[in-house]
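Listed here are the chains, written in short residue letters.
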Amino acid sequence: MSSSTPEGLTAAVLTVSDSCARGDRVDLSGPAVSELLRKKNFSLIGTEVVPDEQAAIQTALAYWVKEAQLVVTTGGTGIAERDVTPEATRAVCERLVEGVAERMRNQGASKTPFTALSRGVCGIREKSLILNLPGSPTGAIDSLEAVIDLLPHALQLLSGNTKHE
């Protein structure tokens, strides 16, 4: 599989963090994810920081899928009480793409056993893909790197380009 990304693919990054939303902590994961997406030739059309509140996450996801083909979240995927990003993602998605999340966890398991505690999902809303990444910069980048070369093909399929060569 080619590691190059076709031009014209758009992405948005949503950081889910109470402390970043309050301004108590600087967001490191969102910018790291944004940089990797740019390096893979995605056009980054926006970023946003929201608190760990399901309604706020759902509202942001519903907005960004109308603007971007790929919406990547970082944060809120663990097992703490306020980690509700997967629930918010499931609530706005029409279908899940289980294999993408499975691949991220499978690849991550070789680096840390804590990958097993990640509950991130990948789903489809309309013609966009929503991908949940962990909140730590390292976890977010490792997870995105595990699947980034699959994403252009998935987005082409969602856009209606289903021709097989």
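The residue numbers shown here count from 1 along each chain, following its written sequence. The predicted origin of the model limits local features to residues at a pLDDT of at least 70 and limits the giving and counting of side-chain atom pairs to 80 or more, whereas totals for whole chains, interfaces and linings rest on all residues. Side-chain measures were taken over the full set of non-hydrogen atoms in the model, leaving aside hydrogen atoms and water.

How would you summarise the packing of helix 5 (residues 98-109) against helix 6 (residues 137-147) if you had to cite specific residues and measurements?
Close contact between helix 5 and helix 6 brings their axes to 8 Å; oriented N to C, the two are set at 120°. Taken together, the axes of helix 5 and helix 6 lie oblique to each other. Here the hand of the crossing between helix 5 and helix 6 comes out right-handed. Between helix 5, through Val 100, Arg 103, Met 104 and Gln 107, and helix 6, the contact on the second element is made entirely by Ser 143, Ala 146 and Val 147. Note on residue categories: nonpolar means Ala, Val, Leu, Ile, Met, Phe, Trp, Tyr, Cys or Pro, charged means Asp, Glu, Lys or Arg, and polar means any other residue, Gly included. Of the residues assigned to the contact of helix 5 with helix 6, the class counts are four nonpolar, two polar and one charged. Here the axes come from fitting lines to C-alpha atoms, over the contacting stretch only for helices, and the angles between their N-to-C directions go from 0 to 180 degrees. The helix and strand labels rest on DSSP assignments: H or I over at least four residues marks a helix, E over at least two residues marks a strand, and numbering proceeds from the N terminus. Reported orientations rely on four angle classes, namely roughly parallel under 35 degrees, roughly antiparallel over 145, roughly perpendicular from 65 to 115, and oblique for the rest. Whether a crossing is left-handed or right-handed is set by the direction in which the near helix is turned from the far one by less than a right angle, anticlockwise for left-handed and clockwise for right-handed. Between two residues, a contact is recorded if the distance between any of their heavy atoms is within 4.5 Å.

Describe the nonpolar core, naming the residues involved and giving the relevant values.
By nonpolar core we mean a set of buried residues, namely Ala, Val, Leu, Ile, Met, Phe, Trp, Tyr and Cys, connected to one another through side-chain atoms within 4.5 Å. Whether a residue is buried, partly exposed or exposed follows from its accessible area with a 1.4 Å probe, protein chains only, as a fraction of its type maximum: under 20%, in between, or over 50%, in that order. Core analysis: the biggest nonpolar cluster contains 26 residues, and Val 33, Leu 37, Phe 42, Leu 70, Leu 131 and Leu 144 have the highest contact counts within it. Looking at this core, the elements that each hand over two or more residues are strand 1 (10-16), helix 2 (29-39), strand 3 (70-74), helix 5, strand 5 (122-125), strand 6 (128-133), helix 6 and helix 7 (151-158). In terms of residue count, helix 6 provides more of this core than any other element does, five residues in total. When residues no more than four places from it in sequence are discounted, the contact partners of Val 33 are Val 13, Val 72, Leu 133, Ala 140, Ile 141 and Leu 144. By size, the runner-up hydrophobic cluster in this structure holds 16 residues, among which are Ala 60, Trp 64, Ala 68 and Ala 88.

Describe the side chain of Asn 132, and please don't skip the residues or the numbers.
Along the chain, Asn 132 turns up in strand 6. Polar contact criterion, stated in full: a pair of N or O atoms within 3.5 Å, where within protein one must be able to donate a hydrogen and the other to accept it, and residues adjacent in sequence count only if both atoms are side-chain atoms. Reaching out from Asn 132, the side chain makes a polar contact with the side chain of Thr 89 at a distance of 2.9 Å. If we skip the residues at most four places from it in the chain, Asn 132 touches Thr 73, Thr 77, Thr 85, Pro 86, Thr 89, Met 104, Gly 120 and Val 121.

Quick rundown of the confidence of the model for the chain? Include the residues and the values.
Taken as a whole, the chain shows an average pLDDT of 94; of its residues, 95% reach a score of 70 or greater. The quantity known as pLDDT measures the predictor's confidence residue by residue, on a range of 0 to 100. The low-confidence segment residues 1-5 (pLDDT under 50) makes nine contacts with residues lying over four places distant or belonging to another chain.

Run through the side chain of Ser 19, naming residues and quoting values.
For Ser 19, the location among the structural elements is in helix 1 (residues 18-22). Since its relative accessible area comes to 17%, Ser 19 is described here as buried. For Ser 19, the residues in contact, after removing those within four places along its chain, are Asp 24 and Arg 25.

Let's hear about the sheet that holds strand 4 (residues 95-96): which residues, and what values?
Pairing within the open sheet is mixed, and its six strands lie in the order 2-1-3-6-5-4. Strands at the two margins of the open sheet, each flanked by one partner only, are strand 2 (43-50) and strand 4. Pairing of strand 4 with strand 5, which is carried by two bridges, proceeds in the antiparallel orientation. By the bridge assignment, Leu 96 is partnered in strand 5 with Gly 123. Here helix 2 sits on the sheet and contacts strand 1, strand 2, strand 3 and strand 6; the angle it forms with strand 1, its principal contact strand, is near 165°. Strands in contact with helix 5 are strand 4, strand 5 and strand 6; relative to strand 6, the strand with the most contacts, it is inclined by about 25°. At least two DSSP bridges between two strands are needed for those strands to be called paired.

Can you tell me about the pattern of salt bridges, naming the residues and giving the values?
A pairing counts as a salt bridge when a side-chain nitrogen of Lys or Arg comes within 4 Å of a carboxyl oxygen of Asp or Glu. The tally for this structure, following the rule as stated, stands at eight salt bridges. Linking Glu 53 and Arg 82 is a salt bridge whose minimum nitrogen-to-oxygen distance equals 3.9 Å. Pair noted here: Glu 53 is in the loop between strand 2 and helix 3 (54-64) and Arg 82 is in the loop between strand 3 and helix 4 (85-92), with a separation of 29 residues, a long-range link. By relative accessible area, Glu 53 is classed as partly exposed at 40%. Classification of Arg 82 as partly exposed rests on a relative accessible area of 41%. Between Lys 66 and Glu 126 there is a salt bridge, with its nearest N and O atoms 3.4 Å apart.

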